[in-house]
Every structure is written in structure tokens, then in C-alpha cells.
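Observations on chain architecture
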6 protein chains.
Amino acid sequence: MRPSGRAPDEMRAITIETGFTKHAEGSCLISFGDTRVLCTASIEERIPPWLRGKGEGWVTGEYSMLPRSTHTRSSREAARGKQSGRTQEIQRLIGRSLRAVVDLKKLGERQITLDCDVIQADGGTRTASISGAWIALRLAVNGLMKGGDIKEDPITGQVAAISCGIYNGTPVLDLDYPEDSSAEADANFVLIEGGQIAEVQATAEGATYDEEGLLRLLRLARIGCDDIFAKQLEATK
Amino acid sequence: MRPSGRAPDEMRAITIETGFTKHAEGSCLISFGDTRVLCTASIEERIPPWLRGKGEGWVTGEYSMLPRSTHTRSSREAARGKQSGRTQEIQRLIGRSLRAVVDLKKLGERQITLDCDVIQADGGTRTASISGAWIALRLAVNGLMKGGDIKEDPITGQVAAISCGIYNGTPVLDLDYPEDSSAEADANFVLIEGGQIAEVQATAEGATYDEEGLLRLLRLARIGCDDIFAKQLEATK
Amino acid sequence: MRPSGRAPDEMRAITIETGFTKHAEGSCLISFGDTRVLCTASIEERIPPWLRGKGEGWVTGEYSMLPRSTHTRSSREAARGKQSGRTQEIQRLIGRSLRAVVDLKKLGERQITLDCDVIQADGGTRTASISGAWIALRLAVNGLMKGGDIKEDPITGQVAAISCGIYNGTPVLDLDYPEDSSAEADANFVLIEGGQIAEVQATAEGATYDEEGLLRLLRLARIGCDDIFAKQLEATK
Amino acid sequence: MRPSGRAPDEMRAITIETGFTKHAEGSCLISFGDTRVLCTASIEERIPPWLRGKGEGWVTGEYSMLPRSTHTRSSREAARGKQSGRTQEIQRLIGRSLRAVVDLKKLGERQITLDCDVIQADGGTRTASISGAWIALRLAVNGLMKGGDIKEDPITGQVAAISCGIYNGTPVLDLDYPEDSSAEADANFVLIEGGQIAEVQATAEGATYDEEGLLRLLRLARIGCDDIFAKQLEATK
Amino acid sequence: MRPSGRAPDEMRAITIETGFTKHAEGSCLISFGDTRVLCTASIEERIPPWLRGKGEGWVTGEYSMLPRSTHTRSSREAARGKQSGRTQEIQRLIGRSLRAVVDLKKLGERQITLDCDVIQADGGTRTASISGAWIALRLAVNGLMKGGDIKEDPITGQVAAISCGIYNGTPVLDLDYPEDSSAEADANFVLIEGGQIAEVQATAEGATYDEEGLLRLLRLARIGCDDIFAKQLEATK
Amino acid sequence: MRPSGRAPDEMRAITIETGFTKHAEGSCLISFGDTRVLCTASIEERIPPWLRGKGEGWVTGEYSMLPRSTHTRSSREAARGKQSGRTQEIQRLIGRSLRAVVDLKKLGERQITLDCDVIQADGGTRTASISGAWIALRLAVNGLMKGGDIKEDPITGQVAAISCGIYNGTPVLDLDYPEDSSAEADANFVLIEGGQIAEVQATAEGATYDEEGLLRLLRLARIGCDDIFAKQLEATK
């Protein structure tokens, strides 16, 4: 039995509030149960130095947890003077995941930064970040197209992410914090609408799993992401 | 005329949503018009090294702006590797202001950290932070008293803050961003319910003002803080 | 009674030694009793990036305490790898205060940095820094005008600063360290010769004061600054 | 056709030189073609603070590339003042992978640090690091057991890692740099001798792959790791 | 001919003002011509962690140049966030030089820090620092002995330092800045009263010198240090 | 008697393996007994900002010890976030030493960085670095000349370095770690082929030595460097 009483393939309630902040070109507050992440898309008419003159744009991600988004307060990375390895790993994952569905040539010489700030954490913050970042990106690009800055849509599809894991021997979908902290293995899947895989990060600390286990988690992830894809479309209509 | 059409002594609409996050011992999302700050109070059963063995507690503040809380995106202080002078100045101000209404002996050997994270900025973020932090603190201390951890209330009064300034030659209350960025002078007042002043920071870059000007701003601040004191009470009832 | 035996409105002895170092375009060693600060003005024919092309100059301040300027040795900020919040706050205050009496257009596209290094500390180091920095600035600008680099004097007036506080219930002028460390409230005033206020920073940690108290401190500050203004003129004649 | 002329399921030549440095408790220089990594295991009789008193040990990994291990020189992370996100991600992966085959209780209250320093890079440095680190660990633990410091072998199995990817539409094993830099997708597999999966990191930047593609890469990885497992055994005999 | 008109073996005027700051246990402002360094000795009743329990004390040095001690302003190391290689090299040299004349056992479990802050630079700041630091140390230790904290004098002799160099082909003593910046070779000698050498740092960038040249510089250094030894004694009488 | 049984003027076995890494323009692994340093020369067609437009090149050195090159593991400087004073001192020494034999005009507007990474340490790592760096530089410049990028050889001579010291009262050549850690005094000499001295760093912590002692060490250094000069020539033939 899951601590929340959910069925193994049951997601938490997803809510999406678009336009949560007024300055960003695109934004949403996305919730998976008690996990809440503010995702904003910021367009800047400049690109990283190593891309100059190539006629391409760039999409990148940043991630942070508010100090008291967690059960016990964590010190600020700004106060400690550096970002943790975990933060940097997640930031890189967010950027790669979104770039998997963007044609950077069509974006033109501009950069879109997807800031994912965790307001409240209850497991699955990195996957909620990716799923919400797509919405912020979609809204920002809609604005660019409406304003005539971009002719052809640079977004080639939808991307969403979800965590799965083996909890008490059972593969389960969308781990919350109590499950996450005692799962034998957990995996984050980043999937593209239509069936393709953008990224798999399957980690077993202590425990391990076999090919069949990996496939069962992947199939759960498909169920979850199909749900998210629908919610994303609805939110950006 | 003020850009917003407000009267010189007219505040922006204040809204307060308590319990905005579930992990913190006290929290609220406070808004002054489009300025929105998430304030959380975190209780820790430890104190700074220099206070050990004195039988006293400590109250401190931290402050940050989300990268896209502003018109144009700012880089993260965590990514730059240090907090700006402005951030540190505001953090120190928040801490001092709250300590002005706390009896640290009665608090006992524990620390309360007031995290003020700006979700959206439109002027007056530091004063909104102080006004909201008092609410988070009040809620957290209520919990300590209800749980029997503290016998006597360590909070000795209410504290609130507001900015005033001289805009187009007229003293005005509660500056928003368009006013703040072109005011001839601006001042932040931290006031105690009942008439006392906890802190004045009156700054004139380029312009200056005389004694009479300072007093007129102080009187506007009293009007504003009286409004905030009432809202604080209502929110923490 | 004050620990030093001074009357409430009595300043410490002020001495000013101009030309204390030979490389700086302007310099002085200013003393308020045992507080001694070396102030230098350095002219550079370059301006911060965000000012380029505006035909204006810039005036900025830096501040530091020598490690053994205080009763017990403090570690070097350079060794710790960052400047404290207090240092940054004071640096920003020095810069704003001096800019309040400089016409940046008339200064032309150059930057003047006012370095205030505390040789010995006994209270009031930030206000001594501002009062001494004006002298260094005046001397440096005199040199620019004599050399024909500037036609019209960009300095629009004199600026000086002094601390006041409530000590044992009595408002007193020019706090020394024993007073500063046990005052109920203290305030730093930056005043312009002729009666205008450039900046007020009135802080009460624990104690508070009312409007009347603030005004009494302001009046003491006027007495003190008038004394400093006279000394500044004499030193730069 | 692969640039090196290898068959799709053909590994590069693996060489292992154990005892490459004399101070480390275990060490080897492992080569996969032109990729050469020095792996050392250092035993320290101390554990991280958060493990104290639990009667367990710890295994952790560190990773670095010499500045001229690559085609063009990279600046030193020590000179830049921080480790890159990539470095931290790889360090965390090395640590997790090795802990997957260590019983930390049986290790006792000591820490083993696996330093993986890339002498020359030609693709696959992180997987070579993991495969070599196991050898260094095995040798270090052999020493502990021979010296009587440990009774029961805390190493529960062999772990090895290899990269696979889709190059010109074909799944290939053990990517070298020319393949790695132009592969449509690549994946790093960390496998346990006997068939279990410790970690999968499958990343597609731009391209994506389906379930079948992932499985084909996993099967290639098994072929590669079986080869490495044999070489590891031989080297530590 | 030397730019200053001095003879090859002629020192600049040395002046020493002891007790320059009141808080330090020992202090002096030492000048070699226009080079002026404030040296303070701070006694702390604690020792570095690696010395604990050995019954010994420690003597260490720190060094800094005020930003406008030089011809053109240098940025603060505290603002840049790290100390330069040059600063660290000089700090290490000051510490070693002073330890060469201190019996750390007799000093007892306390640390003396010698802070050398350059007020004005005109060549030879590191050697002036060492020569002045000995005076500050002597004064501080005198205080410890007078106060009965130390029975036996831990200072075993006098140490002084001077720079020499080859300027326009001629070996000269006590280089000032114009000489230092165009000398073919320069060397810093740290000598012990009585004839022993504590440290030689002879550097030739571009030019080089032979054994005879090194010896001629050493002999000049003896002349200079004998002068300093006499001044040190006089100042600490 | 020396711990190794060597005669006082006997060097350790020197071995040099050129071309140790394939990417660098010049490289060697140089060993002095158990001390092993990887030296690489990297040519970059850019120069430091302060050299631009002068028609000159630059030669610089960097140095690092692998964490387990020593008896006990040291933490990484990259993880600590800064390079130690010792590292910076050695880097500066390597750069100066190599520049002593390079005509920067003839090098043209390019920079050569000499990276010296200590694989295994047993005393004398900085002197081995200099001696090996010359080989890497020679090989890299040979490549530039062969490729026609440089017409005239910018290398004006050979440079090598060796440490000497007083061990148990006897001057000895080429200290290994057991000697280095208990020597009364030690000195590093950087010599130019033909008899000139580029640099002397003679340090006595606690002990001291006289003029005669310094000369005896210098003569030992000549013996050692003559041996190294021959090995360098042989390796770069």
C-alpha cells in the first residue's frame, strides 16, 4: 500500500495556474499534489558567446528550492556561495529536456531561460519543473509568434517528465516524498508526446533492477506523461 | 498625479494569504498591489554560536528576489556566487525590525528565521517583507505557545514598514515601481504599533530634503502602517 | 554622564591631515578622537559599463577596517573571500552621500573612487569616512580644475556625517565606541551644508524612539555637522 | 561505418595497469583506446558527520580532467574557483555506482574515496572512471582484509560502466570522441555482474529514441560490461 | 646613477613610529623613504588546529596593500573575493621570517599575528614589512613578559630584510619603485642579527646573474640589515 | 647517511617519457626517483589582455598535485574553491623560470601554458616541474618552427631546477620526501645552461645558514642541473 492510499499507477492531482507572474513572457504555477513549482520563461535578445553568428537560439533551465520549501529549512545557495551538485544536475536536465522539443534555428538568435523555483516540495520537483517549464515556454513562444518576431513555430512537440520507482517491491507512479525517501530504486523519465524518450535517469542506490523492472517503470511513466500532456494542452489553449 | 491615479496618501490594495506553504511554522503571501512576497518563519532549536549559554533566542531575516520577479530577468545570486550589497542590507533590516518587537529572553534558546522571497516586484519589496514577516512570526510563535514550548508571549508588539517619497514634488505614500524609479527622494519607515519608530532609512540620491519634508513623509508612513497593523491583526486572528 | 565626560552636544576633537599619501589625487587622515580613517580619492578616466555614452561621470565609495583597527583582531575580508553585509552597506552609503553633492554631468566621463580605510576604530567610522571623503574629493577635483580637465566645478556643496544616539536616556552627539555599544538607539545623519538632509539612518534594536526623539537627534547632528563643515573648509583652503 | 572502423558491438582495447601510484591503498591506470584515467582508492579512518555513530562506512567518488587531457586546453576548475556542473554530476554518479556493490555496514566506520583523474580524454571518461574505480576499490579492500581490519568482504559484486549510442542511425558500443560528439543519442549504463542494472542515464539532445532503441543499447552495454568484468577480475587476481 | 641620487650602498631614510595604533599589543609605522607600512602584532590565546596539544605557539603574518597605496589604484582583494598569488607569497614569507627567531615552545599555546598593511608603496614593501613586524612582535612579547604570561623570552634574535638588485649593471641596495621596475635582477634577503641567512629570494625575469653577482648582493644586504638592526633596537628600547 | 643511501652529491634516477599525452603540443612524464610529474605545453593563439598590441607572446605555468599523489590524501583545490598559497607560489616560479629562457618577441602573439601535474610526490615536485616543463616547451616550439609559424627560435637556452638542503648537518643534492621533511634548511635553484642563475629560493624555518653554506648548496645545484641539462637534450633530440 502507498502511504497516500493511491493505486500504483495513480498520479497525484495536477493543477496548473498560468500567468502566475506578470513580468515573465510565460509563466505557470504547477502542482503535483503538495509539490508546487513556479515556472517562468524569460526571453532575452542575446545568446551565449559560443553560439554567436550561428543564426541559432538557445533554451536553458535554472532551478532552485526556496529555503523553507522542505520539511526542515535548508540554507540558501546564494548565502553558501555556490549551487549544489544536485541543483546543477537538475538545471542541466531541464535545459536538455526542453531543447529536445525546440528547433533552435527557428527560434532565431535569442535565449529563453526557464526558471523553476520550488515553492513547496513533496517529491518530484524536477519532473514537475520540466512539465511546467514546457507550458511557460509554449506561452512565451506564442507571444513571440503573435508579435511577429518568429514566423514558424520552433516548438516541435510536447515534453513532460514523471518519476517512477519501486516501493515495497511494487513499481509505482509519481512518487511523493514519503515514497521517494524509502524507495528501493527510482527513475525519472522525460518523454515526448507521441512515444519517444528524451531522457531516462534510473538510479539504484543499494538496490538494483533488471531489464524487466526498467520496462515496467517506463510503461508507468507513459501513463503519467499522457495525463500531463493533456493538462499542458488544456492550460495553453 | 501619480501614475496609478492614487491619492498622495493612498495605499495600494493589501492582501494576505496565511498558510501559503505547509512546511513552515508560519507563512503568508503578502501583496501590496502587484508586489507579492512569500514570508515564512522557520523555528530551529539551535542558536548562533555567539549566543550560546545566554538563555536567549535569536530572530533573523533572509531576503531574495526570484530571477524573474522583475521587469527584466536578473541572474541568480546563487549562480553568481554571492549575495549583492542590496540583498544583505535588506536582510539586516528585516532582522533588526523584527527583533525590535521580540523579547529574546522569553523566546528561549531557539532561532526563528524569516525568509522573504519576492515572487513579483513592483516597488516596496523590503517593506512588504517586514510587514509580512511579522505575520509569519506571529503564527509561528502562536504555534510554540499552543504547544507549550513557550509560556509568555515573546512578541511585544506589532511592527510594519512602508515606503514614502517625494514624487514630482509631492510627498506620496507606498511607492510603486514607476514612482520609485523616478522619485526625488525616498524613505523607508519601520514603525511599531502605538507610535514608536524602529527604523528610518531616508535616502536622497541627487535631491535632498529638509526637516519638514522628513516629517511629512513620517506622517504619511503612520497612515500607511496603521492600515497594515489592522490587516496584520485580522490575518493572525 | 558620558564615559568620556563630554557634554551631550560635545564633539570629540577633530583633526585632519591632508596629503597623507602621495599617490592619490586627494587624501586625508581624519580623526574624531581615537577614530582615524584614511580617505583617498582616485581619479580614473573610465566609467562603469552602464554609464557609457551618457556623458556623465561616477563617484563611488569603498570601505574597509584594518584587521587590528578594533579591540580584538578581525579576520581580513580578503582572506574570508567576501565583504560583509556591514561593509557593503557602508560602501553604498559613502557613495550615495558624496554623489548627493556632485553634478555628474559636469564631472565628465571619469570615475572618482573614495577609499575609506579605518586605521583605528572607536565608534563613528562610517560618518568619519563620509566627512573625510568629501575633503579627498574636493582636493582631487581642485586638481582636475587646476589642470584644466574640468571647466565648471562639479561639486555643488559640502557633505558631512555624524552619529547621534540615545545613551542612558539622553540624546548625545558623536558616539564613541563605549557609547555606541550600549546606546538604546543610534542614528547616522548625512547633511548638506545649508540645511538639507542627504540621508538618515536611524536604527533602534530593542529600543525605539518617537518623532520628537528623532528630531532632537537631527538637531544635535546639525550642531556636529556645522563644526565639520568649518573644519572641511579650513583643510581644503 | 564507425570512424575507427570498429564493428557496432566492438569495444576499444582495454588495458589496466594496477599499482600505478605507490601511495594510494589501491590504484590503476585504465585505458579504453586513447581514453586514460588514473583511479586511486584512499582509505581514511573517518566518516562524514551525518554518518557518525551509525556503525557504517562511506564510499565516495571525485573526478577531474587534467587541463590538457582534451583537444584544446580547458582552464583548471581550481583556478576558476568552482567545479562545473558536469564534474559534480559525474562525481555523484561514480559514488552511487560503487556504493551499489558495497555493504557499508561491513566496511565499518571508514571512508574510501575513489579519485578518477583523466590523463587523456577520447570519449567515455566517466564510464572508464567507474570501471577503473572498482579495481582500485577491490585492491584497497583486499589490503584491509589482509591486514585484518575487516573480517567479511564488504564488496558484494562487480560494477562496470560503458557508453552506447546511436551513431548514423546505428546503435554502437563504447563511443569514442568523434562518435560521442556527433551521436544522435547516447546512454551510459552502469551494470552489476550477474545481470542487474545500477544506473541508466540515457540522454537525447535534439534526437530521441523509443523503447526498442533503449533496449538495444542496453543489450550492447551488457556485451561491453561482460568484457570489462573479465578484465577487472584478471587485474585484481 | 640611481634615480634618487643615492650611492649604490646607501639606504633610504628609515623612520619608525611605535605605538601607532592603540588596540594592538604591539605596533609601528615603519618607513623606508616613501614606503610606509603599518605593522601590528595581535596576541590571541588560541592556536591553529594542527598545533593543539603540542604545547607550542604559532607566529603568522598577513599582508595587504591599501588600494591607493600605489601609483594607480588597484582593486581590493576583498572585493575580488580572493588574495592574489603575490599577497599569499609575501604572507608566507613574513611568517617564516619571524618564526626563524622565535622559540615556539617558549611562546606557549598562543598565536601572534603580524599584520602588515602598506599605507604607501615605493618599492620594498615586503622587506619593510618583515623589518617592522619584528618591532611589533618585540613590543607585544615585552608586554607578555611584563604581564608575567611568559617567563623566558621566546625571541631568540633580531630579523630584518632588505631588497637589493642589479640596476643599470650596478648592484644597489634598497631599491625604490623606479629602480625596482627596471632592475635587471632583484633579490630579497632576510637576515638574522649576527650573520646568519634566514631566506634568500633572488629572481631574474629575463636577465640572470652569476655566483659573484649573488654574493655582491648578499654583502650589500648585510650593510642594509645592520642599519635596520640598530634602528629596531633603538625603537624597542 | 641519507635515508636512501645516496651520496651527498648523488641525484635520484631521472627518466623522461616524451609524448606522454597525444593532445598537447609538447608533453613529457618526468621522474626523479618516485617523484613523477606530467608536463604539457599548450599553444594558444591569444595573449593576456595587458600584452595586446605589443607584438609579444607569453609563457605561463600552472601546477597541481593529484589528491592522492601524496602519502595521505589532500582535498582537491577545485572542491575547496581556491588554490593554496603554495600552489600559486609554485605556478609563478614555473612561469618566471621558463620566461628566463624565452625571447617573447620572437615567440609572436601567442601564449604557451605549461601545465605541471604531479602524479606522484616524493620531494622536489616544483623543481621536477620546471625541468620537465622546459622539455614540453622545447617540443611545442619545435612544432611551431617545423610548421613555419615561427622563423627564429625564441628559446635562448636551457633551464633546469633542483633542490638542495642541509640534512643532518651535511649539504645534500636532490632531496627526497624523508629528507625534505626533516632538513634544517632547503633551497631551490633554477639555473641556466652555461652558468647563470635564474632564481634562488633558500629558506630556513627555524635553522639558518651562512654565506658559505649557501655557496655549497649552489655548487651542488650546478652538479645536479648539469645532469638534467644533458637529459633534456637527449629527450628532445
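All values derive from a computational prediction rather than experimental measurement.

The rules we used
Residues numbered from 1 in each chain as written. Chains lettered and ligands numbered in written order. Predicted model: local features only at pLDDT ≥ 70, side-chain atom pairs only at ≥ 80, totals over all residues. Heavy atoms only, no water. Helix = DSSP H or I, 4+ residues; strand = E, 2+ residues; numbered from the N terminus. Rg over C-alpha atoms; globule rule 2.2 N^0.38 Å. Buried < 20%, exposed > 50% of the residue type's maximum accessible area, 1.4 Å probe, protein only. Axes fitted to C-alpha atoms, helices over the stretch in contact; angles between N-to-C directions. Parallel < 35°, antiparallel > 145°, perpendicular 65-115°, else oblique. Left-handed = near helix turned anticlockwise from the far one by under 90°. Contact = heavy atoms within 4.5 Å. Nonpolar A, V, L, I, M, F, W, Y, C, P; charged D, E, K, R; others polar. Pairing = 2+ DSSP bridges. Core = buried A, V, L, I, M, F, W, Y, C linked by side-chain atoms within 4.5 Å. Buried area = accessible area lost by both parts, 1.4 Å probe. Salt bridge = Lys/Arg side-chain N within 4 Å of Asp/Glu carboxyl O. UniProt positions renumbered as here; feature names shortened; annotations may be inferred. 1 Å grid on protein atoms, 1.4 Å probe; cavity = no way out; pocket = protein on both sides within 12 Å on 5 of 7 lines; lining within 4 Å. Points joined across faces, edges and corners; volume = space filled by probe spheres on them. Least-squares fit on C-alpha atoms with pLDDT ≥ 70 in both. pLDDT = per-residue confidence, 0-100. Disulfide = S-S within 2.5 Å. Phe/Tyr/Trp six-rings, centres within 6.5 Å; stacked < 30°, edge-to-face > 60°. Lys NZ or Arg CZ within 6 Å of the ring centre and 35° of its normal.

**Topic: the overall build of chain A**
For chain A, the helix and strand inventory stands at six helices and nine strands. Here the C-alpha atoms of chain A give a radius of gyration of 18 Å, agreeing with the 18 Å that 2.2 N^0.38 yields for 237 residues. A principal-axis box enclosing the C-alpha atoms of chain A has dimensions of 55 × 45 × 30 Å. Relative to its 237 residues, chain A shows a buried fraction of 62%.

**Description of the packing of helix α2 (residues 85-99) of chain F against helix α4 (residues 125-146) of chain F**
Residue and element names in this part refer to chain F. Running from N to C, α2 and α4 point in directions that differ by 40 degrees, and their axes come no closer than 10 Å. When the axis of α2 is compared with that of α4, the two are oblique. Between α2 and α4 the crossing geometry is right-handed. For the pair formed by α2 and α4, the contact residues are Arg86, Glu89, Ile90, Leu93, Ile94, Ser97 and Leu98 on the first element and Thr125, Arg126, Ser129, Ile130, Ala133, Trp134 and Leu137 on the second. Of the residues that constitute the contact of α2 with α4, the class distribution is eight nonpolar, three polar and three charged.

**Thoughts on the sheet that holds strand β1 (residues 14-18) of chain E**
All names here are of chain E. Reading across from one edge, β1-β2-β3-β5-β4 is the order of the five strands in this open sheet, with mixed pairing throughout. Taken across any chain shown, the strands that pair with only one partner, and hence form the sheet edges, are β1 and β4 (58-65). Within the sheet, the average angular offset between the axes of one strand and its neighbour, ignoring direction, is 20 degrees. Helix α2 (residues 85-99) rests against β4 and β5 (111-120) of the sheet, and its axis sits at about 145 degrees to β4. Sitting on the sheet, helix α6 (residues 211-236) is in contact with β1 and β2 (26-32), with an inclination near 25 degrees to β1.

**Concerning the sheet that holds strand β2 (residues 26-32) of chain B**
All names here are of chain B. Read across the open sheet, the five strands follow the order β1-β2-β3-β5-β4; overall the sheet is mixed. Sheet topology places β1 (14-18) and β4 (58-65) at the edges, where each strand pairs with a single neighbour. Strand-to-strand, the axes of this sheet are offset by a mean angle of 20 degrees, without reference to chain direction. Two strands pair when backbone bridges link them, and β4 and strand β5 (residues 111-120) are joined in this way by eight bridges, in the parallel orientation. By the bridge assignment, Trp58 is partnered in β5 with Gln111.

**Topic: the nonpolar core**
Formed by 138 residues in total, the largest nonpolar core has its most connected members in Leu98 of chain B together with Leu98 of chain C. Apart from the residues within four sequence positions on either side, Leu98 of chain C is in contact with Val59, Leu114, Ile130, Ala133, Trp134, Leu137 and Val159 of chain C.

**Thoughts on the pairing of strand β2 (residues 26-32) of chain C**
All names here are of chain C. When you tally the buried positions in β2, you get seven out of seven residues, the bulk of the element. In β2, alternate side chains face the same way, and those of Gly26, Cys28, Ile30 and Phe32 on one face and Ser27, Leu29 and Ser31 on the other are all buried. Two strands pair when backbone bridges link them, and strand β1 (residues 14-18) and β2 are joined in this way by five bridges, in the antiparallel orientation. Within the sheet, the bridge partner assigned to Ile14 lies in β2 and is Phe32. As judged from the seven bridges shared by β2 and strand β3 (residues 35-44), these two strands associate in the antiparallel manner.

**Considering the environment of Val200 of chain C**
Topologically, Val200 of chain C is positioned in strand β9 (residues 197-203). Val200 of chain C sits in the buried class, given a relative accessible area of 0%. Sequence spacing of Val200 of chain C and Leu29 of chain C is 171 residues, and the spatial spacing of their C-alpha atoms is 25 Å. Ignoring anything within four residues of it in the chain, the contact list for Val200 of chain C reads Val200, Gln201, Ala202 and Leu214 of chain B together with Asn188 and Phe189 of chain C.

**Thoughts on the side chain of Arg126 of chain B**
Assignment of secondary structure puts Arg126 of chain B in helix α4 (residues 125-146). If we skip the residues at most four places from it in the chain, Arg126 of chain B touches Arg86, Glu89, Ile90, Leu93, Asn188 and Gln201 of chain B.

**Observations regarding the interface of chain A and chain B**
Counting residues at the interface gives 39 residues for chain A, matched by 39 residues for chain B. Where chain A abuts chain B, roughly 3000 Å² becomes buried across the two surfaces, and 49% of that area is made up of carbon and sulfur atoms. Between Asp117 of chain B and Arg76 of chain A there is a salt bridge whose closest N-O contact spans 2.9 Å. Residue assignment for the side of chain A that touches chain B shows that the elements contributing at least two residues are β3 (35-44), β4 (58-65), α1 (77-80) and β5 (111-120) of chain A. Here the side of chain A that touches chain B takes seven residues from β3 of chain A, the largest share from any one element. Taken together, the residues of the side of chain A that touches chain B sort by class into 13 nonpolar, twelve polar and 14 charged.

**Re the UniProt feature "domain: Exoribonuclease phosphorolytic" (unreviewed entry) in chain A**
The UniProt record marks residues 10-140 and 158-222 of chain A with the feature "domain: Exoribonuclease phosphorolytic" (unreviewed entry), using the residue numbering of this structure. Helix and strand shares over residues 10-140 of chain A are 30% and 31% respectively, and the end C-alpha atoms of the span are 31 Å apart.

**Some remarks on empty space enclosed by the protein**
Residue and element names in this part refer to chain B. Throughout the structure, instances matching the rule amount to eight cavities of 30 Å³ or more. Space inside the largest cavity adds up to approximately 60 Å³. Sorting the residues of the lining of the largest cavity by element identifies β3 (35-44) and β5 as the ones contributing at least two each. Taken together, the residues of the lining of the largest cavity sort by class into four nonpolar, three polar and three charged.

**Considering the relation of the copies chain A and chain B**
With an RMSD of 0.0 Å, the operation that places chain A on chain B is a rotation of 180 degrees combined with a shift of 0.0 Å along the axis. These values place the two chain copies in the arrangement generated by a two-fold rotation axis. Minimal C-alpha separation from the rotation axis in chain A is found for Ala78 of chain A, amounting to 1.8 Å. Comparing interface residues between copies, 100% of those in chain A also sit at the interface in chain B, which points to an isologous, same-surface contact.

**With respect to the confidence of the model for chain A**
In the predicted model, chain A carries a mean pLDDT of 95, and 99% of its residues have values of at least 70. Scored as a complex, the prediction yields pTM 0.91 and ipTM 0.94.

**Re the UniProt feature "binding site: phosphate" (unreviewed entry) in chain A**
Within this numbering scheme, the UniProt entry marks Arg86, Gly124, Thr125 and Arg126 of chain A as carrying the feature "binding site: phosphate" (unreviewed entry). Taken along the chain, the residues just named run across 41 residues; in space they keep tight, none of their C-alpha pairs more than 13.5 Å apart. Looking at the secondary structure, you find Arg86 of chain A in helix α2 (residues 85-99). Of the residues examined, Arg86 of chain A reaches a relative accessible area of 27% and is grouped as partly exposed. If sequence neighbours within four positions are ignored, Arg86 of chain A has contacts with Tyr63, Met65, Thr125 and Arg126 of chain A together with Arg92 of chain D. Since its relative accessible area comes to 18%, Arg126 of chain A is described here as buried.

**Describing the state of the cysteines**
Residue and element names in this part refer to chain A. Taken as a whole and judged by the stated rule, the model has zero disulfides over all chains. Of the cysteine sulfurs around Cys116, a residue in no disulfide, the closest is that of Cys39, at 4.1 Å. Given a relative accessible area of 0%, Cys116 falls into the buried group. Cys225 provides the cysteine sulfur closest to Cys164, a residue in no disulfide bond, and the two sulfurs are 7.8 Å apart. In this structure Cys164 comes out as buried when scored by relative accessible area, which is 0%.

**A few points about the packing of aromatic side chains**
Evaluation of the coordinates by the stated rule reveals six aromatic pairs over all chains. Note on Trp50 of chain B and Trp58 of chain B: the rings are 4.7 Å apart at their centroids and 85 degrees apart in plane angle, and the pair reads as edge-to-face. Here Arg36 of chain A stacks its cationic end above the ring of Phe20 of chain B, 4.8 Å away from the centre of that ring.

**A few points about the pattern of salt bridges**
On inspection of all chains with the given rule, the structure shows 138 salt bridges over all chains. With a shortest N-O distance of 3.7 Å, Lys106 of chain D and Glu152 of chain D are connected by a salt bridge. One end of the pair, Lys106 of chain D, is in helix α3 (residues 104-107); the other, Glu152 of chain D, is in the loop between α4 (125-146) and β6 (159-167), and 46 residues separate them in sequence. Close ionic contact of Glu179 of chain E with Arg2 of chain E constitutes a salt bridge, the shortest N to O distance being 2.5 Å. Of this pair, Glu179 of chain E sits in helix α5 (residues 177-180) while Arg2 of chain E sits in the segment before β1, and the two are 177 residues apart along the sequence. Here Glu179 of chain E and Arg2 of chain E have matching classes, each one buried.

**Concerning the environment of Asp34 of chain F**
Locating Asp34 of chain F in the fold gives a position in the loop between β2 (26-32) and β3 (35-44). Its relative accessible area of 33% is what places Asp34 of chain F among the partly exposed residues. When near neighbours in sequence (up to four residues on either side) are disregarded, Asp34 of chain F contacts Lys22 of chain D together with Gln120, Ala121 and Asp122 of chain F.

**Overview of the arrangement of the chains**
With no contact between them, chain C and chain D keep their nearest C-alpha atoms 11 Å apart. A minimum C-alpha distance of 11 Å separates chain A and chain E, which share no contact.

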